[in-house]
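Okay, here's what each chain looks like letter by letter:
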Amino acid sequence: MPDGAAAGAARSSTLRATFAIAPALIAFSMGQTVLFAVAGPVFRDIGLSELQLGIIVSAAAVVFVIGSPVWGRLADHWGRKRVILFGMATYAVTSLLFAGVLNLGVLGLLGAGMVFALLLITRLTYAALGAGIQPASVAVMADLSTEANRSSSVAIVGAAFGLGMILGPAAAALLVGWGVLVPLYAVAGLGLVAVVNAAFLLEEPERPDTTEAEARSRVEIGPLLPIMAASLLLFTAISALQQTMAFYVQDFLGADAAGAARATGACFVAMAFATLLAQGGLIQWLKPSPAILLRFGLPLLLIGIVLYTFAPSFPLLVGAATIMGLGFGLANPGLTASASLLVADTKQGEAAGLLQAVMAGGYIFGPVVGTGLYQQAPEVANGFMAAVVGLSLLATLFARTPKPKPSEEESALA
């Protein structure tokens, strides 16, 4: 009975944390997709170039890479809740400022050069101060889980991001009729609501006491290196895919810009739904080990890229995108859970921050290499993505993915 009561309390804490964190992660993810959906045309109206938008995004990614490990470590010292609330408040405020600066540019109250400078500063501030949201969220779910259900717990973070990726473009399409910048203001408002929600619902998880020497110590990088390498390679491939898919679909169909946008949207939605199905459904139901997720997820992604390259029709192209989304949806939490199980309970934030940094690093290299190779030939770009995923799979073979230990209750039931 006591064990059952403890298990029930643990499930209640996990559910409460999910309702506290998920809206923040959904709003955060929606903000990224809405930005990419509406910023391009607005930039052109103001007199800014595609290159300037790319500079803002890439510069923020570099700062994100640098800031993620720092905030992950701070989450271990200051507490998960404090870092999440601070990061989400920063995200909401900087999103509001970003939209406001664009609005001033559209109205002609600021010149293009000033708009670019202010947008760059705003985005760098977001990246520097908001990089702790995801690692602190992963750390919360790791704190509240046992080793046996670590994969399913951290997959909730990915599922929330996946849902945001689906809702973001839909919200942009619905709200843009009220004004091209309305979607950006809306996601900023959602961010503020998410801050209030997390402030009331999120409880700081209990963590083991640490000595001053333990608190000052750093995560041992050696055991994490194969997982970090696999993550960098995986997100290099995914970011290259995201940047080249619109070109590939348009060339595949021979469609105009509007037709290509609709067809590309169908592929992205199929990928996002499959990722959400994997992380919010299959993993929650089956609760597989990280090793199983990696052994199935990465090969599925590789198969999806091959089918994507040789698909003879558009429906099969969408099917290939679905397989890629399913593979990614399995592999990503497999990497996160593997890293979590390789470090001490007191270092979950730091480990999550390190992993997020290398994942963000993929977005620095992947888009440039992917689009550059696509100019040579689409098959070359797709071949690069397949090769990188293959190397990611190879890296996981060198990773130490410890078998999760069952909880005391699960051992008793067995």
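Residues numbered from 1 in each chain as written. Predicted model: local features only at pLDDT ≥ 70, side-chain atom pairs only at ≥ 80, totals over all residues. Heavy atoms only, no water.

**Topic: helix H5 (residues 133-143)**
Among the 11 residues of H5, 10 are classified as buried, and the element is accordingly described as predominantly covered. Listing the buried residues of H5 in full gives Ile133, Pro135, Ala136, Ser137, Val138, Ala139, Val140, Met141, Ala142 and Asp143. (Buried < 20%, exposed > 50% of the residue type's maximum accessible area, 1.4 Å probe, protein only. Helix = DSSP H or I, 4+ residues; strand = E, 2+ residues; numbered from the N terminus.)

**Here we look at helix H7 (residues 182-201)**
Here H7 is 20 residues long and its end C-alpha atoms lie 28 Å apart, about the 28 Å a rise of 1.5 Å per residue gives. Among all positions of H7, only Pro183, Leu184, Val187, Ala188, Gly191, Ala194, Val195 and Ala198 are buried. All buried residues of H7 lie within an arc of 140° about the axis, which places them on one face of the element. H7 presents Val193 and Phe200 as exposed residues on the side facing more than 90 degrees away from its buried surface. (Expected span 1.5 Å × (residues − 1). Arc of directions from axis to C-beta.)

**Concerning the confidence of the model for the chain**
Scored by pLDDT, the chain has a mean of 85; 90% of the residues are at 70 or more. Highest mean pLDDT in the chain belongs to helix H11 (residues 290-310) (96); lowest belongs to helix H15 (residues 408-413) (44). In this model, residues 408-414 is a region of pLDDT below 50 whose contacts with residues beyond four sequence positions or in other chains number 4 contacts. (pLDDT = per-residue confidence, 0-100. Contact = heavy atoms within 4.5 Å.)

**Here's the deal with the environment of Leu241**
Looking at the secondary structure, you find Leu241 in helix H9 (residues 225-253). Among the residues examined, Leu241 registers a relative accessible area of 3% and is labelled buried. The spatial distance from the C-alpha of Leu241 to the C-alpha of Pro367 is 7.9 Å, given a sequence separation of 126 residues. Beyond its immediate chain neighbours, meaning those up to four positions away, Leu241 contacts Met271, Tyr308, Met324 and Met385.

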